[in-house]
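# Descriptive analysis of the structure
Listed below are the residues making up each chain.
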Amino acid sequence: MKFTQKVLVAGLSLLTINSFAQDLNGNHEHNYIVTGKDLFTSTQSLHSEMQLDVIKVEKDLVIAKTKRMEERAEISHLAHEEHKRCGGYFAFQTKEEALKFVKESQENMKGQQDYSSLVADYTLNQEDLVRDTISKAQESSIRGVIEKMSSFHNRYYKSETGVQSQQWLKDHWTSLTAHRNDISVEFFNHSGFPQPSVIATIKGKSDDIIVIGGHADSIAGWWGRTNAHAPGADDNASGTATVTEVLKVLAQSGYQPEKTIKFMAYAAEEVGLLGSKDIAQTHKREGKSVVGVMQLDMTNFNNSNDDITIITDYTNEAQNNFLGSLIDTYLPELTWGRDTCGYACSDHASWTAQGFPASTPFETRKREMNGRIHTSRDTLDYMGGTADHALKFAKLALSFVIELDR
Ligand code: BES
Ligand code: ZN
């Protein structure tokens, strides 16, 4: 295969040859990808029919141009089948954006571990408030949101139902917070595809920002067709429902934060972290002070000995340790461990790439993950019909917000 030979033969220098003319089909396609170098080194890859042009290799990252959507699907396939990982990549409209992203993320990640302990105080001193607040989180309301979101035919970033589901979520968040004039709920529109992200903000006294987020889109099949049935109950109605519960409890218990708390339901994660990348880059560009990000992606499939698995790659170590002490202190009935995703597997990587501290508490160990994600069989039934597991993550997220806030 073209690109593999280029990588293997030419080594780590400039490898490109092809033209980078604008796409003829209207330049909204995200044809440039940034992915891990590991995908380009197996012998099996040589037999692929893929037409991928490698533009540049920078340390562990490869920047390449895909000509067709199917090739992005093929990358996912390759990653799953040969590298036993999912197909993590970031997608961009232009080569310049992809190159700039790699440069920025390498610069941002240098100072990253030091940064979080400068801006964040990880000591625990809100015991009464945390205990009182986490007792208000309810399984039934998390379950209700999972049921509603997974009832859309899909929540694909390009489909009408993917816009309708975000409209439903925005309306739901608005109704949960209607009694509070310090809370706003808005769409964050993205260029190039119709699905918006949804952001709710509880305005605090300071401009420091805490983010609790998860992706709201769903996908089925490597091709992610607009009409494929993709209930995405675990991936990621579960995380979005968990975010919703945190918002509900804080709004209804009358919590008034010192810092500004933002709740995010990202668009278009499944096609290259597009929504969160746009949002994290905007925060960076506007000079916002984001002091902590929690990503909730898949919270309801209970299939490991540990209740909670903290993802250690593309996340912030100091903040991950903080999560561990929150569980030990406030949820002592739970056990937790650590594992890696192996690649930029979800929206936390978008924040990490911009230099903000991000963590992802995950539902299982990686190798015990829900095997039905990205299929029409990712349903609540397959997760036992309740939101018991997700409830643990809502409590953890509530303790995270309150302790980081004060
Ligand atoms: N929820 C998954 C990520 C995930 C899967 C984490 C399994 C841990 C275990 C996410 O929605 C996803 O599917 N991500 C893509 C990568 C993305 C950059 C397109 C993946 O893993 O293939
Ligand atoms: Zn997914």
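Bear in mind the structure is a predicted one, so any value in this text is a computation, not a measurement.

Coordination of the zinc ion (ligand 2) by the protein involves Asp 235 (OD), Glu 270 (OE), Glu 270 (OE) and His 374 (NE2), with metal-donor separations of 2.1 to 2.3 Å. Seen from the zinc ion (ligand 2), its six donor atoms lie at angles of 58 to 160°, and the figure they make is irregular. Here the donor residues for the zinc ion (ligand 2) map to a single chain with the spacing D-x34-E-x103-H. Note that Glu 270 is positioned in the loop between strand 8 (260-266) and helix 9 (274-285) and His 374 in the loop between strand 13 (361-362) and helix 12 (388-405), a separation of 104 residues in sequence. Residue class for Glu 270 comes out buried when judged on its relative accessible area of 14%. Assessed through its relative accessible area of 23%, His 374 is described here as partly exposed.

Okay, the state of the cysteines next. Should the sulfur atoms of two cysteines be covalently bonded, the bond is a disulfide. One pass over the structure, following the stated rule, counts one disulfide. Here Cys 341 engages in a disulfide with Cys 345; their sulfurs sit 2.2 Å apart. One disulfide, between Cys 341 and Cys 345, carries an S-S torsion of 95° and so falls in the right-handed class. Side by side, Cys 341 and Cys 345 carry an identical accessibility label, which is buried.

A few words now on the sheet that holds strand 10 (residues 308-311). Spatially, the three strands line up as an open sheet ordered 11-10-13, and their pairing is mixed. Every other strand in the sheet has two partners, leaving strand 11 (336-339) and strand 13 as the edge strands with one partner each. As defined by bridge partners, strand 10 adjoins strand 11 across four bridges and the pair is classed as parallel. Each residue of the ladder has a partner; that of Ile 310, found in strand 11, is Arg 338.

Here the focus is the pattern of salt bridges. Between side chains of opposite charge, a pair can form as their charged atoms come close. Inspection of every chain in the model, using the stated rule, returns 11 salt bridges. With a shortest N-O distance of 2.9 Å, Glu 127 and Arg 131 are connected by a salt bridge. Of this pair, Glu 127 and Arg 131 both sit in helix 5 (residues 127-134), four residues apart, which is roughly one turn of the helix. Residue Asp 132 pairs with Lys 136 through a salt bridge whose shortest N-O separation is 3.2 Å. Assessed through its relative accessible area of 41%, Asp 132 is described here as partly exposed.

This brings us to the environment of Asp 207. Assignment of secondary structure puts Asp 207 in the loop between strand 6 (197-202) and strand 7 (209-215). Sequence separation between Asp 207 and Thr 260 is 53 residues; the distance between their C-alpha atoms is 6.0 Å. Sequence-distant contacts of Asp 207, that is, excluding residues within four places in its chain, are made with Thr 260 and Ser 289.

Moving on, we come to the sheet that holds strand 6. As summarised here, the arrangement of the six strands in space is 5-6-8-7-9-12, forming an open sheet in which the pairing is mixed. The open sheet terminates on both sides in strands that have one partner only, identified here as strand 5 (183-188) and strand 12 (358-359). Sheet topology places strand 9 (residues 290-295) next to strand 12; two bridges connect them, and they run parallel. Counterpart to Val 293 in the pairing with strand 12 is Ala 358. On the sheet, helix 9 packs against strand 5, strand 6, strand 7, strand 8 and strand 9 and is oriented at approximately 150° with respect to strand 8.

Thresholds applied
Residues numbered from 1 in each chain as written. Chains lettered and ligands numbered in written order. Predicted model: local features only at pLDDT ≥ 70, side-chain atom pairs only at ≥ 80, totals over all residues. Heavy atoms only, no water. Donors = N, O, S within 2.8 Å, 3.2 Å for Na, K, Ca; no water. Tetrahedral: all angles 85-135°; square planar, octahedral: opposite > 155°, others 65-115°. Helix = DSSP H or I, 4+ residues; strand = E, 2+ residues; numbered from the N terminus. Buried < 20%, exposed > 50% of the residue type's maximum accessible area, 1.4 Å probe, protein only. Disulfide = S-S within 2.5 Å. Pairing = 2+ DSSP bridges. Salt bridge = Lys/Arg side-chain N within 4 Å of Asp/Glu carboxyl O. Contact = heavy atoms within 4.5 Å. Axes fitted to C-alpha atoms, helices over the stretch in contact; angles between N-to-C directions.

It is worth stressing that arrangement in space is one thing and function is another; only the former is reported here.
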